[in-house]
Amino acid sequence: MKNWEYIVLIAIIILFVAVPFFTGPYILHVTTTILTFLSLALSWDMMLRTGQLSFGTAGFFGIGGYTAVLVYLIFNMNPLLSIIVGGIFAAIIAFILGFAILRLRGIYFAITTLALSGVFMVIIKNLSNITGGAEGTILPSAIFNGNPIKIYWLTLVIAIITIIVSELFQKTKIYFAITSTRNDEIVAKSSGIDIFRYLVFVFVITSAIQGIIGGAYAQQYGFVSPESTFSTHFLLLPIAMCLAGGLYSTIGSVVGAVLLGIIAEYLKMQFPYGHLIIYGVIIVLVVLLMPRGIAGTIKDILKKRR
Amino acid sequence: MNLINRFYQRKNYKISGLLVVILFILAFWKPYALIYGIQRGSLYVLIALPLALSLGVIGILNLAHGDFLTLGAYLAYWICIYTGADPLLTIIPVLFALFLVGYVIYKLAITHVLKASPLNQLLLTFGFAMILEESINFLWSSQPRNIYVSYASTSTTIGSFTFGTYEFIYSVTAIIILVFLLLFLKRTRMGQAAFAVGQNSRGAKLVGIDVERTYLFIFSLSIAILGIVVGLMLPRASIFPMVGAPFTMKSFCLVAMAGLGNLTAIFWSGIALGYAEALVQSFKGYGGWADIVFFIVLIIVISIKSYRRQIL
């Protein structure tokens, strides 16, 4: 990166930190939601860069949320610490699961992760004496006593950490390992890359991020229930965002998240029930017509101009 | 990763045979679980067979499979409501309607991703699954709907057991469809073409098979068969927007258990899974856990396969 790029970056971060001081509560709430989905989208894209399609976003998000709420209630843990515990627990589950299924990849991995949120819903409904069953659990108070500005900063910190992790994946040797695995597994293997270890590593890291996001989200609303915490929303929207923005890059997911996040907020007010259909349509259309997403298409156009 | 198609694979017969023996031993222990397990498992088989067919021939896992089932169920439901027809009679119109839906979806979308990466194929069918689920939820609300017919609650008493007999229609139909599909793949021109395309699509093209038309037919057929299933299900099951979605995962679980392309083994795997679920349900207070049995089975199957280094 050149010097001016650093300056722009720092300016953007300062701008985002300062958002609460010059906007109203509604804009702040929307920005918090967009940042939450941005982190989710980015964590999904990070796993996709290895060539493995994970549908577990909603599952790990929900696990993080439930863990954070339950450890807070049972052990009276500090809410911030409970969010981290949520992430750790999601990581542990991802490790066990990844160890079992990442040797056979492709559709096995995709469908197992797709089943995850349903499976966790069943488990939570059945352990009703701990988790509150189908009705869910309500916390006595939200994190920071529901102060929206502090909640916004918490979400911002998580989003920035996610972006940094994503950039680390793009800049270090992990990038070469996972990209070559995605492009051609046999070539990657014969160049001495331990594919399995990298896959498990990326899966655990991204799941931990999703768990942390889920924990923060649950603490923010002070409420978890099987239907709302494991909602398809947290799977469908991030995927649509990444696809719309462009896969395999940090900037693509960020662009997609901001764009779709704003559209989503508008759609939610216009069509309170049917708006999820549109994300399905976006996924289908992007896969069929614009496989490189908006960011990718713009990059292509710029390249042609040069 | 090539999806190698192996119809009539012999290797899994031993495992299936062993499972049957275990089933009979357990039958004396919990007879109700066996009866309900067979009924439930036959339904899984009915839904898994077309999924296995399209996965084996086209090589695309249709994540919207269960949602096409939901769509068919609502079609059948509205036909019953508006015309007052018997649910079983809706099979014929729904069969053709779903064939048409499959035809359109293939022409509009699937044909364009045949050469794309498996990631894009999965994302595409996932997108369709979401569109179907959310549209159905939006149009007809999440309220469960039922159709009552008197023959659906017939029961038989043998000795001290009383059990519903209607659901055995699933088992009979499952066997009929299995035999039909096996004969279709062996005896008819289209079936033989599908068999060849499934094994090696490039080779099939070289010997003059119209691969595109075969894919189109198999994809539409795999969805049309669901029309039969919904007609049979309607008298017994409540219809709601998520009624079909869990079947996609369970069907895939059966395909993984049976090994791709082994249609007969899907039958035994289905019965085994249905029985395992019914067994879990028969324990008081633990019935809710039945819905994760398929996941545990799937994980075990994947672990065994990765240990043997088999690739689907």
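Residues numbered from 1 in each chain as written. Chains lettered and ligands numbered in written order. Predicted model: local features only at pLDDT ≥ 70, side-chain atom pairs only at ≥ 80, totals over all residues.

Considering the overall build of chain B
Across its full length, chain B holds twelve helices and two strands. Helices and strands appear in chain B in the N-to-C order α-α-α-α-α-β-β-α-α-α-α-α-α-α. Here the C-alpha atoms of chain B give a radius of gyration of 19 Å, agreeing with the 20 Å that 2.2 N^0.38 yields for 312 residues. Here chain B holds 312 residues, and the buried ones make up 49% of them. (Helix = DSSP H or I, 4+ residues; strand = E, 2+ residues; numbered from the N terminus. Rg over C-alpha atoms; globule rule 2.2 N^0.38 Å. Buried ≥ 20, exposed ≤ 12 C-beta atoms within 10 Å, placed from the backbone.)

Remarks on the overall build of chain A
Per the secondary structure count, chain A includes 15 helices and two strands. For chain A, the C-alpha radius of gyration of 19 Å lies close to 19 Å, the compact-globule estimate for 306 residues. Each of the 306 residues in chain A was classed as buried or not, and the buried ones make up 51%. Restricting the contact set of chain A to residue pairs at least 6 apart, pairs at least 24 apart contribute 78%. (Contact = placed C-beta atoms within 7 Å.)

Here's the deal with the interface of chain B and chain A
Counting residues at the interface gives 35 residues for chain B and 32 residues for chain A. Counting only elements with at least two residues in the side of chain B that touches chain A, the list comes to α5 (118–140), α10 (245–258) and α12 (293–308) of chain B. No other element matches the 14 residues that α5(B) contributes to the side of chain B that touches chain A. The class makeup of the residues in the side of chain B that touches chain A is 25 nonpolar, seven polar and three charged. (Nonpolar A, V, L, I, M, F, W, Y, C, P; charged D, E, K, R; others polar.)

Looking at helix α2 (residues 25–48) of chain A
Each α-helix winds once per 3.6 residues, and so residues spaced three or four apart point in a common direction. For α2(A), built from 24 residues, the straight-helix expectation of 34 Å at 1.5 Å per residue is met to within 8% by its first-to-last C-alpha distance of 35 Å. Of all 24 residues making up α2(A), 17 are buried, and the element is well covered by its neighbours. (Expected span 1.5 Å × (residues − 1).)

Here's the deal with the nonpolar core
Judged by nonpolar contacts, the single largest core of 199 residues is most densely connected at A:A240, A:I283, B:L49, B:V255 and B:I266. Ranked by the residues each element gives to this core, the list is headed by helix α2 (residues 31–57) of chain B, at 17 residues. (Core = buried A, V, L, I, M, F, W, Y, C linked by C-beta atoms within 7 Å.)

Topic: the pairing of strand β2 (residues 161–164) of chain B
Relative to β2(B), strand β1 (residues 155–158) of chain B runs antiparallel, the two sharing four bridges. When the bridges of β2(B) are listed, B:S155 appears paired with B:G164. (Pairing = 2+ DSSP bridges.)

Quick notes on the environment of A:P226
Residues and elements named next belong to chain A. Note on placement: P226 falls in helix α11 (residues 226–229). According to the C-beta neighbour criterion, P226 is buried, with 23 such atoms within 10 Å. A C-alpha to C-alpha distance of 9.4 Å links P226 and T131, two positions 95 residues apart in sequence. Beyond its immediate stretch of four places on either side in the chain, P226 contacts M121, I124, K125, A134 and G136.

Re the confidence of the model for chain B
All names here are of chain B. Considering every residue of chain B, the mean pLDDT works out to 85; 93% of them sit at 70 or more. Averaged pLDDT values over the elements of chain B bottom out at 73 in helix α1 (residues 13–29) and peak at 93 in helix α4 (residues 91–108). Between residues 1–9, whose pLDDT stays under 50, and residues either more than four places distant or in other chains, the model counts 19 contacts. Of the two predicted TM-score estimates for the complex, the pTM is 0.88 and the ipTM is 0.88. (pLDDT = per-residue confidence, 0-100.)

So, the packing of helix α14 (residues 275–289) of chain A against α5(B)
Running from N to C, α14(A) and α5(B) point in directions that differ by 155°, and their axes come no closer than 8 Å. One way to sum up the angle between α14(A) and α5(B) is to call them roughly antiparallel. Handedness of the crossing formed by α14(A) with α5(B): left-handed. Contacts between α14(A) and α5(B) involve A:L276, A:I277, A:Y279, A:G280, A:V281, A:I283, A:V284 and A:V287 from the former and B:N120, B:L123, B:L124, B:F126, B:G127, B:F128, B:M130, B:I131, B:E134, B:S135 and B:F138 from the latter. (Axes fitted to C-alpha atoms, helices over the stretch in contact; angles between N-to-C directions. Parallel < 35°, antiparallel > 145°, perpendicular 65-115°, else oblique. Left-handed = near helix turned anticlockwise from the far one by under 90°.)

Re unusual backbone geometry
The phi angle of most residues is negative, glycine excepted, and most peptide bonds adopt the trans form. All names here are of chain A. Although it is not a glycine, N76 adopts a positive phi angle of roughly 55°. With respect to the helices and strands, N76 occurs in the loop between α3 (57–75) and α4 (79–101). Judged by the 8 C-beta atoms lying within 10 Å of it, N76 is exposed.

Overview of the packing of helix α3 (residues 65–83) of chain B against α5(B)
Angle between the axes and distance between the axes are the two parameters that describe a pair of packed helices. All names here are of chain B. Where α3 meets α5, the axes come as close as 9 Å, and the angle between the chain directions of the two elements is 30°. The orientation of α3 relative to α5 falls into the category roughly parallel. Judged by the twist between their axes, the crossing of α3 over α5 is left-handed. Touching D67, T70, L71 and Y74 of α3 are A129, L132, E133, I136 and W140, all from α5. Here the contact of α3 with α5 is composed, by residue class, of six nonpolar, one polar and two charged.

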